[in-house]
Amino acid sequence: VLRCLGIPTRVITNFNSAHDSNINLTIDKYIDMSGKTLHLTEDSVWNFHVWNESWFARRDLGSFYDGWQVLDATPQEKSKGIYQCGPASIRAIKEGDVNLDYDSPFVFAAVNADCVTWIRYSKKRKERIYSNTRKIGKCISTKAVGTNSRVDVTANYKYPEVKEFSFGIPYSRYKNSLMDDRKILVTAV
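This report concerns the structure included in the present document. Worth saying up front: this structure is predicted, and the values here are computed from it rather than measured. (Residues numbered from 1 in each chain as written. Predicted model: local features only at pLDDT ≥ 70, side-chain atom pairs only at ≥ 80, totals over all residues. Heavy atoms only, no water.)

**Thoughts on the nonpolar core**
Link 1 in the chain: Trp 51, Val 70, Ile 93 and Tyr 157 are the most contacted members of the largest nonpolar core, which has 15 residues in total.
Link 2 in the chain: Those elements that provide at least two residues to this core are helix 1 (90-95) and helix 2 (104-112).
Link 3 in the chain: Among the elements that take part in this core, helix 2 stands out by supplying five residues, more than any other.
Link 4 in the chain: Leaving out residues up to four positions away in the same chain, Trp 51 has contacts with Arg 10, Val 11, Ile 12, Asn 14, Ser 17, Val 70, Leu 71, Asp 72, Ala 110, Val 111 and Tyr 157. (Core = buried A, V, L, I, M, F, W, Y, C linked by side-chain atoms within 4.5 Å. Buried < 20%, exposed > 50% of the residue type's maximum accessible area, 1.4 Å probe, protein only. Helix = DSSP H or I, 4+ residues; strand = E, 2+ residues; numbered from the N terminus. Contact = heavy atoms within 4.5 Å.)

Next up, the structure:
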């Protein structure tokens, strides 16, 4: 419909798409002390989810947020009492501006939530035992113009993940160097 009105629009596919039902920007999984999954949240990770992007100016948010906007014709959660999603600025999603209207926190979580596993000891006590910050929002894609090729637009939605790096020394040597630093400190006092 938007293309018929002359508004540039494209389909976007997000692989490993988070469905953050409580808008806390994490996908929480709870287990008991024996490792059995507890069904305490409706958060989930979908293999993929599809929405549309349309290009327009955002006089309501300011020109910084002009450009591609997320519009989801199949929203799974109510927003302001009705099933709707967007228009959420892609720039706001990338910059983490989750306090803006038009479902920015929901879309941010869909592409950038952390997956967190908790052990629940009691109703009042839980402990985070695992966190994966890289699982969500992989290969965010659209179709290339004029061909059936995939165009990766992940960089429009999020900054590159920080790569893990290892230190060039074994832990035992690192630990010994800390002890040497402590000896120097004690000697200086």
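Here the narrative resumes.
**A closer look at a nonpolar patch on the surface**
Link 1 in the chain: A grouping of Val 11, Phe 15, Phe 48 and Val 50 is seen on the molecular surface, where their side chains present a nonpolar patch of about 330 Å² in accessible area.
Link 2 in the chain: Secondary-structure elements contributing two or more residues to the nonpolar patch are strand 1 (9-19) and strand 4 (44-56).
Link 3 in the chain: Looking at where Phe 48 falls in the secondary structure, it is placed in strand 4. (Patch = residues over 30% accessible without salt bridge, like charges linked within 9 Å, V, L, I, M, F, W, Y side chains within 5 Å. Areas by Shrake-Rupley, 256 points an atom, 1.4 Å probe, with all protein chains shown as cover. Salt bridge = Lys/Arg side-chain N within 4 Å of Asp/Glu carboxyl O.)

**Some points on the pairing of strand 5 (residues 67-71)**
Link 1 in the chain: Where strand 4 and strand 5 come together, five bridges link them in antiparallel fashion. Looking at strand 5, one finds that Trp 55 is bridged to Trp 68.
Link 2 in the chain: Bridge analysis of strand 5 against strand 8 (residues 88-89) gives two bridges, and the strand direction is antiparallel. Bridge assignment links Gln 69 to a residue of strand 8, and that residue is Ser 89. (Pairing = 2+ DSSP bridges.)

**A closer look at the pattern of salt bridges**
Link 1 in the chain: As enumerated under the stated definition, the model contains three salt bridges in all.
Link 2 in the chain: A salt bridge links Arg 10 to Glu 53, with the nearest nitrogen and oxygen atoms 2.7 Å apart. With Arg 10 in strand 1 and Glu 53 in strand 4, this pair connects stretches of sequence that are 43 residues apart.
Link 3 in the chain: Note on Glu 53: relative accessible area 0%, which makes it buried.

**Details of the sheet that holds strand 2 (residues 26-31)**
Link 1 in the chain: Overall, mixed pairing links the four strands, which are arranged 3-2-9-10 in an open sheet. Looking at which strands have only one partner, the edges of the open sheet turn out to be strand 3 (37-38) and strand 10 (126-132).

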